[in-house]
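# Reading the structure
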Amino acid sequence: ELKVEQNPLFLSMQEGKNYTIYCNYSTTSDRLYWYRQDPGKSLESLFVLLSNGAVKQEGRLMASLDTKARLSTLHITAAVHDLSATYFCAVDKSSNYQLIWGAGTKLIIKP
Amino acid sequence: EAGVAQSPRYKIIEKRQSVAFWCNPISGHATLYWYQQILGQGPKLLIQFQNNGVVDDSQLPKDRFSAERLKGVDSTLKIQPAKLEDSAVYLCASNQGGWAYEQYFGPGTRLTVT
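Residues numbered from 1 in each chain as written. Chains lettered and ligands numbered in written order. Predicted model: local features only at pLDDT ≥ 70, side-chain atom pairs only at ≥ 80, totals over all residues. Heavy atoms only, no water.

### Comments concerning the overall build of chain A
Tallying secondary structure elements over chain A gives zero helices and 11 strands in all. Secondary structure elements in chain A, listed N-terminal to C-terminal, are β-β-β-β-β-β-β-β-β-β-β. The globule rule puts the C-alpha radius of gyration for 111 residues at 13 Å, and the 13 Å found for chain A is close to it. Overall size of chain A, expressed as C-alpha extent along the three principal axes, is 45 × 30 × 20 Å. Considering chain A as a whole, with its 111 residues, one finds that 45% of them fall into the buried category. Intrachain contacts of chain A at a sequence separation of at least 6 include 54% that bridge at least 24 residues. For chain A, the centre of its 12 positive side-chain charges and the centre of its 10 negative side-chain charges are spaced 3 Å apart. (Helix = DSSP H or I, 4+ residues; strand = E, 2+ residues; numbered from the N terminus. Rg over C-alpha atoms; globule rule 2.2 N^0.38 Å. Buried < 20%, exposed > 50% of the residue type's maximum accessible area, 1.4 Å probe, protein only. Contact = heavy atoms within 4.5 Å. Lys, Arg positive; Asp, Glu negative; His and termini not counted. Charge placed at Lys NZ, Arg CZ, Asp CG, Glu CD.)

Have a look at this one:
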């Protein structure tokens, strides 16, 4: 059974600091997705990582994928308050385009 | 391009009552998903449609939940009768059906069962 684990589940940090969210998954998959969810809002796609070694960056966020280690990271550089949200990773279950989701990392960035 | 539409946005019902949710996916998206998201958790897939056929409904509590996607476009999800533990946000998502495409989510329906 494919399982996806994120850590930490909760992160409180100061503006201007750097930090990394980790996403581990249990079986082989070449496709991983990162989503953002603001409180009371729906899920917004951030990154789609489709191969080993894939790296994507958007503003202060950078995501990478290591399929051999079954690990993806979401790195936050010089955090700002607007990045406060819950971040989910999801792994493609293959065959039927289904996603298995992590529990989410709630990120609070204090001014 | 219009996004995924859902209604209603909020619903409060008593246990044992019935409720229905509606979803209109992005135009041209063949695949439609219904998820249940309980507060503090990731989304849990309830049912997946490809056009108007069911691909996977293995996690749908079929004794009380039903879903349909007539004509391969709009979809409805129904709960009858509702239980307290059904309180959650119900999210509809769609994608083009290919493996490289992310899912696009609607705003969700927040259901409270009292």
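### What about the sheet that holds strand β7 (residues 61-66) of chain A?
Residue and element names in this part refer to chain A. With respect to topology, five strands assemble into an open sheet ordered β1-β3-β8-β7-β6, the strand pairing being antiparallel. With one partner strand each, in any of the chains shown, β1 (4-7) and β6 (55-58) form the two edges of the open sheet. Pairwise comparison of adjacent strand axes, ignoring direction, gives a mean angle of 15° for this sheet. In this structure, β7 lies alongside strand β8 (residues 71-76), joined through six bridges in antiparallel fashion. Bridged to Asp-66 within β8 is Leu-71. (Pairing = 2+ DSSP bridges. Axes fitted to C-alpha atoms, helices over the stretch in contact; angles between N-to-C directions.)

### Concerning a nonpolar patch on the surface
Nonpolar side chains collect at one region of the surface, where Leu-9, Phe-10 and Ile-108 of chain A lie side by side and expose about 280 Å² of accessible area between them. Positionally, Ile-108 of chain A belongs in strand β11 (residues 105-110). (Patch = residues over 30% accessible without salt bridge, like charges linked within 9 Å, V, L, I, M, F, W, Y side chains within 5 Å. Areas by Shrake-Rupley, 256 points an atom, 1.4 Å probe, with all protein chains shown as cover. Salt bridge = Lys/Arg side-chain N within 4 Å of Asp/Glu carboxyl O.)

### Examining the pattern of salt bridges
Summed over the entire model, instances satisfying the criterion amount to four salt bridges over all chains. Taking the shortest distance from any N to any O, the salt bridge between Asp-92 of chain A and Arg-31 of chain A comes out at 3.2 Å. Of the two residues, Asp-92 of chain A sits in strand β9 (residues 85-92) while Arg-31 of chain A sits in the loop between β3 (19-25) and β4 (32-37), which places them 61 residues apart along the sequence. An identical accessibility class is assigned to Asp-92 of chain A and Arg-31 of chain A; each is buried. Of the charged contacts, one joins Lys-62 of chain B and Asp-57 of chain B as a salt bridge, the two residues approaching to 3.7 Å between their closest N and O atoms. Among the residues examined, Asp-57 of chain B registers a relative accessible area of 26% and is labelled partly exposed.

### Let's talk about the packing of aromatic side chains
Two numbers describe a pair of aromatic rings. These are the distance of the centres and the angle of the planes. Under the criterion given, the structure shown has nine aromatic pairs over all chains. Measuring from centroid to centroid gives 6.0 Å for Trp-101 of chain A and Tyr-35 of chain B, while their planes differ by 85°, and the two rings are edge-to-face. Taken together, the residues Trp-101 of chain A in strand β10 (residues 99-101) and Tyr-35 of chain B in strand β4 (residues 31-37) connect one chain to another. With a relative accessible area of 10%, Trp-101 of chain A lands in the buried category. On the accessibility criterion, Tyr-35 of chain B (1% relative accessible area) is buried. Relative to Phe-105 of chain B, the ring of Tyr-35 of chain B has its centre 5.5 Å away and its plane inclined at 35°; by these criteria the two rings are tilted. Taken together, the residues span a long stretch of sequence, with Tyr-35 of chain B in strand β4 and Phe-105 of chain B in strand β10 (residues 104-105) at a distance of 70 residues. One aromatic cluster is present, formed by Tyr-35, Phe-88 and Trp-101 of chain A together with Tyr-33, Tyr-35 and Phe-105 of chain B through successive ring pairs. (Phe/Tyr/Trp six-rings, centres within 6.5 Å; stacked < 30°, edge-to-face > 60°.)

### Things to note about the pairing of β7 of chain A
Residue and element names in this part refer to chain A. Residue alternation in β7 divides its side chains into a buried set, Leu-61, Ala-63 and Leu-65, and an unburied set, Met-62, Ser-64 and Asp-66. Note that β6 and β7 share four bridges and pair antiparallel. When the sheet's bridge partners are listed, Lys-56 is paired in β7 with Ala-63. Turn length for the β6-β7 hairpin, with the two strands adjacent in sequence and antiparallel, is two residues, and the turn residue Gly-59 shows positive phi of about 60°. Connecting β7 to the next strand, β8, in antiparallel fashion are four residues, including Arg-70 with a positive phi near 55°.

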